Amino acid sequence: MGPTMATLNSNYLKLKAGYLFPEIARRVKAFNEANPEASARMIRCGIGDVTEPLPLAVREAMHAAINEMGTREGFHGYGPEQGYEFLRTAIATNDYRNRGLDVADDEIFVSDGSKCDGGAILDILGDDNTIAVMDPVYPVYVDTNVMAGHTGDANEDGSYEGILYLECNEENGFVPALPEEKADIVYLCFPNNPTGAVASRVQLEAWVAYARKHGSILLYDAAYEAYISDPSVPRSIYEIPGARECAIEFRSFSKNGGFTGTRCAFTVVPKTVTALSADGVRRPIHPLWHRRFTTKFNGVSYVTQQGAAALYTDQGKAEVASLVEHYMGNAKILREAAASCGLKVYGGENAPYIWVKGPPAVQGGPEGLTSWQIFDRVLQEANIVVTPGSGFGRAGEGYFRISAFNSREKAIEAATRIKAMRW
Ligand SMILES: *Cc1c(COP(=O)(O)O)cnc(C)c1O
């Protein structure tokens, strides 16, 4: 006999119940309760959320849009699912065509977030694809594949059967080597969260060649593109010849325009990216993504899209530049503080994250401290919340992430306390 009541998606039961951030919250709460005087001093350098106010250009555009909505002539109901033409043109022109990259307006899909798009993209890809992710990894890539039933169970260390983990370490500069085996779908994130690493042109060329050789699709997350300061580092995967045949790019206004709470992002799906259908025919995926978008999504609000478009005005661009400069100023302060303690420090130059290798164990011996041991020490001695590297995957063990998303005042204070710690 079959089930006698409604069933659920058992794949969700395979998920390691949101381990990282709840565990951080639990430890911080316990510390604060035990040390009420220290709790007032707490500085959060843990979460990857922006702190500075929304740019004036955005707010003015949103105010104007809301006033327009209050008139009969300016009212907007359902908009185009793919996004208003004014925003898609601004994106394609400024982020791509003005940089010599061939991206058409109708290859841009405006959404309410890259996180959502990253999960949604699995709707149009087959269930039999082999999946590769970087380790350490932004957990969304893994968890959405677990939910979609693309993995086996979780192992002790939090990794999943059926996912190919591409180890990122000091030796490879946190840019993974090409795997021996074929992966159909490869998630790449540069500048990287959590390591802050960037991939060079040569490294991205190798990935595009790999994808074209194996017929793989690269899911390229460029949420931190605005933080690239090194002019030799590609800002888009489409700077690599051949990427239009194999790569989907995810971009977001969250980290450049401070839109984490306002919500707007976009995905680029070139019409030239193809994949096999069950009958063995190579087909473009653009029509499927378009169909998914128009069926399951009704677009981002007009007001929000006007706000996003304002980021491409001269004033908006200047404000984005000053936000990036602010956070990268923090990154420099925090990076130098950790380095001055003799710690090995990565990232923080083209990304708002500093990836720090923990000190050797106090008792001597070759083994360093675990990420959670470091977390506890930084919490107790400096009253700073960092993110344990092991929360992003096995290869993150022994590291911790410091976020530069903070006020300047707090970044300076955090740096002072890091330097005062007995590492
Ligand atoms: C913050 C972030 C995003 C952006 O997600 P939104 O849903 O657009 O806010 C995407 N990818 C990574 C790795 C991020 O850290």
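From a predicted model like this one, the values you see are computed outputs, not experimental measurements. (Residues numbered from 1 in each chain as written. Predicted model: local features only at pLDDT ≥ 70, side-chain atom pairs only at ≥ 80, totals over all residues. Heavy atoms only, no water.)

1. Quick word on the domain arrangement of the protein
When cut into domains, the protein gives domain 1 (15–53 + 316–420) and domain 2 (58–314). Spacing between the C-alpha centres of domain 1 and domain 2 amounts to 27 Å. Across the contact, 31 residues belong to domain 1 and 42 residues belong to domain 2. The contact between domain 1 and domain 2 buries some 3000 Å² in all, and 57% of this surface belongs to carbon and sulfur atoms. For domain 1, the biggest contributors to the area lost against domain 2 are L15, N350 and F392; these three give 23% of the whole. Here D157 ties to R394 by a salt bridge, and the two come within 2.8 Å at their closest N and O atoms. Elements with a contribution of two residues or more to the side of domain 1 that touches domain 2: helix 10 (314–340), strand 11 (344–347), strand 12 (353–357) and strand 15 (399–403). (Domains from an automatic or database assignment. Contact = heavy atoms within 4.5 Å. Buried area = accessible area lost by both parts, 1.4 Å probe. Salt bridge = Lys/Arg side-chain N within 4 Å of Asp/Glu carboxyl O. Helix = DSSP H or I, 4+ residues; strand = E, 2+ residues; numbered from the N terminus.)

2. Considerations on the sheet that holds strand 2 (residues 108–111)
The mixed open sheet is built from seven strands, whose spatial order is 2-8-7-6-5-3-4. For this open sheet the edge positions go to strand 2 and strand 4 (163–167), each flanked by a neighbour on one side alone. Across this sheet, the average inter-strand angle for adjacent strands is 20 degrees, counted without regard to direction. Summarising the sheet, strand 5 (residues 185–189) and strand 6 (residues 217–221) pair through five bridges and their orientation is parallel. Within strand 6, the position partnered with I185 by the bridge is I217. (Pairing = 2+ DSSP bridges. Axes fitted to C-alpha atoms, helices over the stretch in contact; angles between N-to-C directions.)

3. Regarding the site of the ligand
Close to the ligand lie 14 residues, the nearest being D221, Y224, S252, S254 and K255. A distance of 2.7 Å separates a nitrogen atom of the ligand from a polar atom in the side chain of D221. Considering the ligand on its own, with 390 Å² of exposed area, one finds that the protein chains cover 93% of that surface. Within the shell around the ligand, the residues separate by chemical class into five nonpolar, five polar and four charged. (Near = heavy atom within 4 Å. Polar contact = N/O pair within 3.5 Å; in protein donor to acceptor, adjacent residues only side chain to side chain. Areas by Shrake-Rupley, 256 points an atom, 1.4 Å probe, with all protein chains shown as cover. Nonpolar A, V, L, I, M, F, W, Y, C, P; charged D, E, K, R; others polar.)

4. Digging into the pattern of salt bridges
Under the definition given, this model contains 27 salt bridges. Across the pair E170 and K357 runs a salt bridge whose closest N-O atoms are separated by 2.8 Å. Of this pair, E170 sits in the loop between strand 4 and strand 5 while K357 sits in strand 12, and the two are 187 residues apart along the sequence. According to the relative accessible area criterion, K357 is partly exposed, its value standing at 29%. A salt bridge links R335 to E349, with the shortest nitrogen-to-oxygen separation between them at 3.6 Å. Here R335 is found in helix 10, whereas its partner E349 is found in the loop between strand 11 and strand 12, with 14 residues between them in sequence. (Buried < 20%, exposed > 50% of the residue type's maximum accessible area, 1.4 Å probe, protein only.)

5. Some details on unusual backbone geometry
Cis peptide bonds are those with omega within 30 degrees of zero, and the linkage from D135 to P136 qualifies with 5 degrees. Following the sequence through the fold, P136 ends up in the loop between strand 3 (131–135) and helix 6 (139–147). At the junction of N193 and P194, the peptide bond is cis and its omega measures out at 20 degrees in the coordinates. With phi around 75 degrees, R263 is a residue other than glycine that occupies positive phi space. On the basis of relative accessible area, R263 is assigned to the partly exposed category, the value being 31%.

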